[in-house]
Amino acid sequence: MENSIIIELLQNTGLLLAFTMLYGNFWIKNKNNKPIGTKILIGIILSGIGIVLMYTPWYWVPGIAFDTRSVMISISGLFFGPIPTVITMITTSIVRYSMGGDGMWMGICVIISSGLIGILL
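Residues numbered from 1 in each chain as written. Predicted model: local features only at pLDDT ≥ 70, side-chain atom pairs only at ≥ 80, totals over all residues. Heavy atoms only, no water.

Chemist: I keep staring at the packing of helix α3 (residues 69–79) against helix α5 (residues 104–120) and nothing clicks. Help me out?
Modeler: Packed helices, taken two at a time, are described by their axes: the angle between them and the distance between them. Taken N-terminus to C-terminus, the directions of α3 and α5 make an angle of 30°; their axes are 6 Å apart at the nearest point. On the basis of their axis angle, the class for α3 and α5 is roughly parallel. The chirality of how α3 crosses α5 is right-handed. Residue-level contacts link R69, S70, I73, S74, G77 and L78 of α3 to G107, V110, I111, S114, G115, G118 and I119 of α5. Its residues placed into classes, the contact of α3 with α5 shows five nonpolar, seven polar and one charged. (Axes fitted to C-alpha atoms, helices over the stretch in contact; angles between N-to-C directions. Helix = DSSP H or I, 4+ residues; strand = E, 2+ residues; numbered from the N terminus. Parallel < 35°, antiparallel > 145°, perpendicular 65-115°, else oblique. Left-handed = near helix turned anticlockwise from the far one by under 90°. Contact = heavy atoms within 4.5 Å. Nonpolar A, V, L, I, M, F, W, Y, C, P; charged D, E, K, R; others polar.)

In structure tokens form, the structure reads like this:
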């Protein structure tokens, strides 16, 4: 059980590190105003990372899972801006809705609130 927890947390951490590499390589190097196509592409990439994070959660106890999706979405709003973050919020909300379960509405609320917090800060 302990190895499983470590592996799940390492997977989530690895995906967040990939997210920071994306930020460092594509966003910071080009400080000028980004075209809308670039913002949409970044939103799609962030959506993919968010979906993978949702499918690799860390299970605290059976039925209660935690992933770093909310961290990624709030940081996305802070650093990438509203367009990529809204794309990520919509996509991950749709996937969370399709996953169903007892925590579906709470998961969608976490996605929306994390994105709004990141955008507003």
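Chemist: Where do I start with a nonpolar patch on the surface in this structure?
Modeler: Taken together, the side chains of I36, I40, I44 and I83 present a nonpolar region at the surface, about 340 Å² in accessible area. Of all the elements, helix α2 (residues 36–54) adds the most residues to the nonpolar patch, at three residues. (Patch = residues over 30% accessible without salt bridge, like charges linked within 9 Å, V, L, I, M, F, W, Y side chains within 5 Å. Areas by Shrake-Rupley, 256 points an atom, 1.4 Å probe, with all protein chains shown as cover. Salt bridge = Lys/Arg side-chain N within 4 Å of Asp/Glu carboxyl O.)

Chemist: How should I be thinking about the side chain of T85 in this particular structure?
Modeler: In this fold, T85 is placed in helix α4 (residues 82–99). Looking at T85, the relative accessible area reads 0%, which means it is buried. Within the structure, T85 has its side chain in polar contact with the side chain of S76 (distance 3.0 Å). Aside from chain neighbours lying at most four places away, what touches T85 is I73, S76, G77, G115 and I119. (Buried < 20%, exposed > 50% of the residue type's maximum accessible area, 1.4 Å probe, protein only. Polar contact = N/O pair within 3.5 Å; in protein donor to acceptor, adjacent residues only side chain to side chain.)

Chemist: Honestly, α4 in this entry has me stumped. Any pointers?
Modeler: Structurally, the α-helix is built with 3.6 residues per turn, so residues lying three or four positions apart point the same way. With 18 residues, α4 ought to run about 26 Å at 1.5 Å a step, and its terminal C-alpha atoms sit 25 Å apart, in line with that. Buried residues of α4: P84, T85, T88, M89, T92, S93, V95 and R96, and no others. Buried residues of α4, viewed axially, fall in a sector of 165°; they line one side. Exposed and oriented more than 90 degrees from the buried face of α4 are I94 and S98. Looking at the packing, one finds that the buried side of α4 touches α2, α3 and α5. Just past α4, the residue G100 takes up positive phi, approximately 65°. (Expected span 1.5 Å × (residues − 1). Arc of directions from axis to C-beta.)

Chemist: Explanation requested: α5 in the structure shown.
Modeler: Compared with an ideal rise of 1.5 Å per residue, which puts 17 residues at 24 Å, α5 spans 24 Å between its outermost C-alpha atoms and is within 8% of the ideal. Within α5, burial applies to M104, G107, I108, I111, S114, G115 and G118. The buried residues of α5 all sit within an arc of 130° when viewed along its axis, so they share a single face. Exposed and facing more than 90 degrees away from the buried side of α5 are W105, M106 and L120. Among the structural elements, α3 and α4 are those in contact with the buried residues of α5.

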